[in-house]
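# Overview (structure and organization)
Each chain, letter by letter, is given below.
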Amino acid sequence: MDTLKKTFVLKGTAVSPGMVIGKAYLFDRLDAQISYYKLDDPLLIIKEIKRLRTALLESEKQLLEVKKKLSHLKVTEPLYIIDVQIMILKDRRLQSRTIRYIRKMGVNAEWAVRMTVDKYREIFDKIEDEYLKGRFSDIRNVGQMILRNLGGERRQVISDIGEGVIIISSDLSPADTAQMKIEKVRGFATDIGGKTSHTAIVARSLEIPAVVGLESITRRVRTSDTLIIDGSAGLVIVNPDPEMIRRYEDKKRHFEEAKAISLKDAALPAVTRDDYHVSIGGNIEFIEEIPSAITHGADGIGLYRTEFIYINREHLPTEEDHFANYKRVVETEKLAWSTIRTFDLGGDKFLSDPKLAKEMNPQMGLRAIRFCLKEVELFKIQLRAMIRASAFGRIRILFPMISGIEEIREAKRILFEVRNDLLAQGVAFNDHIEIGVMIEVPSAVVIADKLAREVDFFSIGTNDLIQYALAIDRVNERVTYLYEPLHPAVLRLIRHVVKTGHRAGIRVAMCGEMAGEPAYTMILLGLELDELSMNPLAIPRVKEIIRGSTMKESRALLKKVMTFSSAVEIREYVEQTMRERFPEEFQINEQ
Ligand code: PEP
Ligand code: MG
């Protein structure tokens, strides 16, 4: 990972689900310079037409070879596409039009092919049906194949690379993919294409994550750049920071687990066998993840990490940029509520902004609410957009990294100032927005009783809470062995927060990664959390465990482990219990 390179995100069309983290490989065969010259001798023209015919035959031969090579595949889609390409290649009109250009205009074969392809482009551009329109790529690919054969150029073959790569290209034809050593390809990302483009079909049939229609990825990414491909959300994250990589490693793992179990029960409520109901939220970083949250069974969005709106921009986001994102979340019908967190910039998150000067110890530096209270104008832009979005659905505002009462009071004061401005301006909004604080700094746990009087809900951020409570940098791989959610100190902190919140009559959620770990689900039930919010892909398994458990046994499990004094003992006991209770879910040795 190169922390000096700028992180940015490209959004395209999600066409083949799954996540992959790897190195980019620029597959750059398209749009090579096409030569143009005039043929003023009839003999030359005859020779040129012959050259074209040879290229057509050669192209057909190659496609038939590719088809033979692919015939062992169980999936048949790539074969159909090749058949279509052979039909196009043999199409009389395509051939006669190209020959006519050579003959009438006296241009070389390459130029004539290009004119023919351009003519078809013009026709296809007028088609309204998206599917048919997308089929132009077949013609384009055939055109490129002929061009290649006219030049006698050798195809670029991905054979000399030792590790798995993510292929970046303008577009890919089945012939391209067939010639790649597909076992070395871990993902695809292309400039053009849609759900029915070849890259999409081939990627889906081979179960390789892919995002297409990214417009400019071939210009913005270099071979060997580190990439995350999120083929479920349609995102490509270029030069991700360590925290994003960690997050995506989790997502990838959860995706694979979710794939292994059926999604058919994902929408069932998370109710224990003795009728305790837990609200389930999805954590999202981008609005593109909303559909995945819904299909995986989220009741609402429990954490929208809005700092991701700030990356990938030359300029800071405007109020309208924020508003468009928040409106989209809150008006999604299938989501009962949306918890939108004010931006948590700073720390290890996106240091490229000049306002966020590099700090010696960024995790404890000017991040999240501290940064917002210093850059009040920036903060107000976001708050205005959040309040305006409340007119479109149930929104909860969540403040991160609160460490003392002054911070929440000041944040609320600014929020009300913004509210009053909007009221004076006659802007519509809902005046009953719930306000919450993230409990992720140990001092917030200790003064939870005081904080509870200021807000409507708590959301426990275990990622940071564990880091600060156990003094373990969450992105430092050298101390990850000490990062232990089942540490007795962590469990006591959580228990204290839940009890204090409930005593004050407010709801207590958990939105750190711990909430999405099925091995901890019974412990979290025992702790009596009201809401668990997690990476959407983790939801089905957690819900399944909740539905298979009772509060009685979960409370008993918690009571038992609270008598232990070490994390090792607790972990062993919890894992053993989970294996016995859910033998199919927890294989031997599973973490
Ligand atoms: C947390 O700290 O647990 C949390 C949910 O916030 P983030 O991971 O964005 O810091
Ligand atoms: Mg946090």
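So, a few notes on the structure that sits alongside this text. (Residues numbered from 1 in each chain as written. Chains lettered and ligands numbered in written order. Predicted model: local features only at pLDDT ≥ 70, side-chain atom pairs only at ≥ 80, totals over all residues. Heavy atoms only, no water.)

## Description of the sheet that holds strand β8 (residues 235–238)
Spatially, eight strands are ordered β1-β8-β7-β3-β4-β5-β6-β2 in an open sheet, and the strand pairing comes out mixed. A single partner strand is all that each edge strand has here, and the edge strands are β1 (8–11) and β2 (13–16). Shown here is a sheet whose adjacent strand axes are inclined to one another by a mean of 30 degrees, direction ignored. Direction of pairing for β1 relative to β8: antiparallel, over a ladder of four bridges. Paired with leucine 10 across the two strands is valine 236, which belongs to β8. Helix α10 (residues 242–260) rests against β3 (19–26), β7 (226–230) and β8 of the sheet, and its axis sits at about 115 degrees to β3. (Pairing = 2+ DSSP bridges. Helix = DSSP H or I, 4+ residues; strand = E, 2+ residues; numbered from the N terminus. Axes fitted to C-alpha atoms, helices over the stretch in contact; angles between N-to-C directions. Contact = heavy atoms within 4.5 Å.)

## A few points about the nonpolar core
Grouped together as the largest cluster of nonpolar side chains are 101 residues, with contacts concentrated most on Phe399, Phe458, Ile460 and Leu532. Setting aside residues up to four positions removed in sequence, leucine 532 forms contacts with Val278, Ser279, Ile280, Gly281, Met510, Ala515, Leu524, Val542 and Ile546. With 31 residues, the next largest nonpolar core counts Ile45, Ala109, Val113 and Val142 among its residues. (Core = buried A, V, L, I, M, F, W, Y, C linked by side-chain atoms within 4.5 Å. Buried < 20%, exposed > 50% of the residue type's maximum accessible area, 1.4 Å probe, protein only.)

## Quick notes on the coordination of the magnesium ion (ligand 2)
Geometry sets the ideal angles at a metal, namely 109.5 degrees for four tetrahedral donors and 90 or 180 degrees for six octahedral donors. All of the protein donors around the magnesium ion (ligand 2) are Glu440 (OE) and Asp464 (OD); their distances to the metal are 2.0 to 2.1 Å. Placement of the pair is glutamate 440 in the loop between β13 (434–439) and α16 (442–446) and aspartate 464 in helix α18 (residues 462–469), with a sequence separation of 24 residues. Each member of the pair, glutamate 440 together with aspartate 464, is buried. (Donors = N, O, S within 2.8 Å, 3.2 Å for Na, K, Ca; no water.)

## Some details on the packing of helix α1 (residues 42–70) against helix α4 (residues 109–125)
Where α1 contacts α4, the two axes come as close as 10 Å, and the packing angle between them is 60 degrees. Relative to α4, the element α1 is oriented oblique. Within the contact between the two elements, α1 uses Glu48, Arg51 and Leu52 and α4 uses Ala109, Glu110 and Val113. Its residues placed into classes, the contact of α1 with α4 shows three nonpolar, no polar and three charged. (Parallel < 35°, antiparallel > 145°, perpendicular 65-115°, else oblique. Nonpolar A, V, L, I, M, F, W, Y, C, P; charged D, E, K, R; others polar.)

## What about the environment of aspartate 191?
Counting through the fold element by element, aspartate 191 comes out in the loop between β5 (185–190) and α8 (198–206). Its relative accessible area of 9% is what places aspartate 191 among the buried residues. Here the alpha-carbon distance between aspartate 191 and arginine 219, two residues 28 residues apart in the chain, equals 9.1 Å.

## A look at the pattern of salt bridges
Scanning the model with the defined rule gives 42 salt bridges in all. A salt bridge links lysine 90 to glutamate 60; its shortest N-O distance comes to 3.5 Å. Highlighted residues: lysine 90 in helix α2 (residues 77–90) and glutamate 60 in helix α1, separated in sequence by 30 residues. For glutamate 60, a relative accessible area of 19% translates into the label buried. The salt bridge partner of lysine 327 is glutamate 331, with a shortest N-O separation of 3.3 Å. Take glutamate 331: its relative accessible area is 39%, and that puts it in the partly exposed class. Beyond isolated ion pairs, a larger network of salt bridges with shared partners links Glu243, Arg246, Arg247, Asp250, Arg253, Glu257, Glu517, Arg541 and Glu585. (Salt bridge = Lys/Arg side-chain N within 4 Å of Asp/Glu carboxyl O.)

## A short note on a positive patch on the surface
A contiguous patch of positive charge on the surface is contributed by Arg53, Arg100, Arg103 and Lys104. The leading source of residues in the positive patch is helix α3 (residues 92–105), at three residues. According to the relative accessible area criterion, lysine 104 is exposed, its value standing at 68%. (Patch = residues over 30% accessible without salt bridge, like charges linked within 9 Å, V, L, I, M, F, W, Y side chains within 5 Å. Areas by Shrake-Rupley, 256 points an atom, 1.4 Å probe, with all protein chains shown as cover. Lys, Arg positive; Asp, Glu negative; His and termini not counted. Charge placed at Lys NZ, Arg CZ, Asp CG, Glu CD.)

## Some remarks on helix α22 (residues 551–561)
Looking at α22, one finds that the buried residues are Met551, Ser554, Leu557, Leu558 and Val561. Summarising the axial view, the buried residues of α22 lie within an arc of 125 degrees, below the 170-degree limit, and thus occupy one face. Turned more than 90 degrees away from the buried face of α22 sit Lys552 and Lys559, all of them exposed. If you follow the buried residues of α22, they end up packed against α19 (488–503), α20 (521–526) and α23 (567–581). (Arc of directions from axis to C-beta.)

## Concerning the environment of phenylalanine 124
Checked against the element boundaries, phenylalanine 124 lands in helix α4. The exposure class of phenylalanine 124 is buried, given its relative accessible area of 16%. A sequence separation of twelve residues divides phenylalanine 124 from phenylalanine 136, and the C-alpha atoms of the two residues are 6.3 Å apart. Excluding residues within four positions of it along the chain, phenylalanine 124 makes contact with Leu132, Lys133, Arg135, Phe136 and Ile139.

## Overview of the site of ligand 1
Around ligand 1 there are 16 residues in total, and Arg305, Arg341, Gly461, Asn463 and Arg474 lie nearest to it. In this structure, glycine 461 approaches ligand 1 through a main-chain N or O atom, which is 3.3 Å from an oxygen atom. Compared with its free state, where it exposes 290 Å², ligand 1 has 100% of that area covered by protein. With three residues, the single largest contributor to the shell around ligand 1 is α18. Residues belonging to the shell around ligand 1 are distributed by class as follows: three nonpolar, four polar and nine charged. (Near = heavy atom within 4 Å. Polar contact = N/O pair within 3.5 Å; in protein donor to acceptor, adjacent residues only side chain to side chain.)

## A look at the sheet that holds β13
Taking strand neighbours around the barrel as the criterion, the eight strands line up as β9-β10-β11-β12-β13-β14-β15-β16 in a closed arrangement whose pairing is parallel. Averaged over all neighbouring strand pairs, the angle between strand axes comes to 25 degrees, with direction disregarded. Alignment of strand β14 (residues 457–460) against strand β15 (residues 507–510), held across four bridges, turns out to be parallel. Within β15, the position partnered with serine 459 by the bridge is alanine 509.

## Some details on the side chain of lysine 251
Relative to the assigned elements, lysine 251 resides in helix α10. Given the relative accessible area of 3%, lysine 251 is considered buried. Apart from the residues lying within four places of it in its own chain, the contact partners of lysine 251 are Met19, Glu285, Glu289, Asn535 and Leu537.

## Let's talk about the pairing of β14
The side-chain alternation of β14 yields two buried faces, one formed by Phe457 and Ser459 and the other by Phe458 and Ile460. As judged from the four bridges shared by β13 and β14, these two strands associate in the parallel manner. Considered in β14, the bridge of isoleucine 439 is made with isoleucine 460.

None of the figures reported here should be taken as evidence of function without further support.
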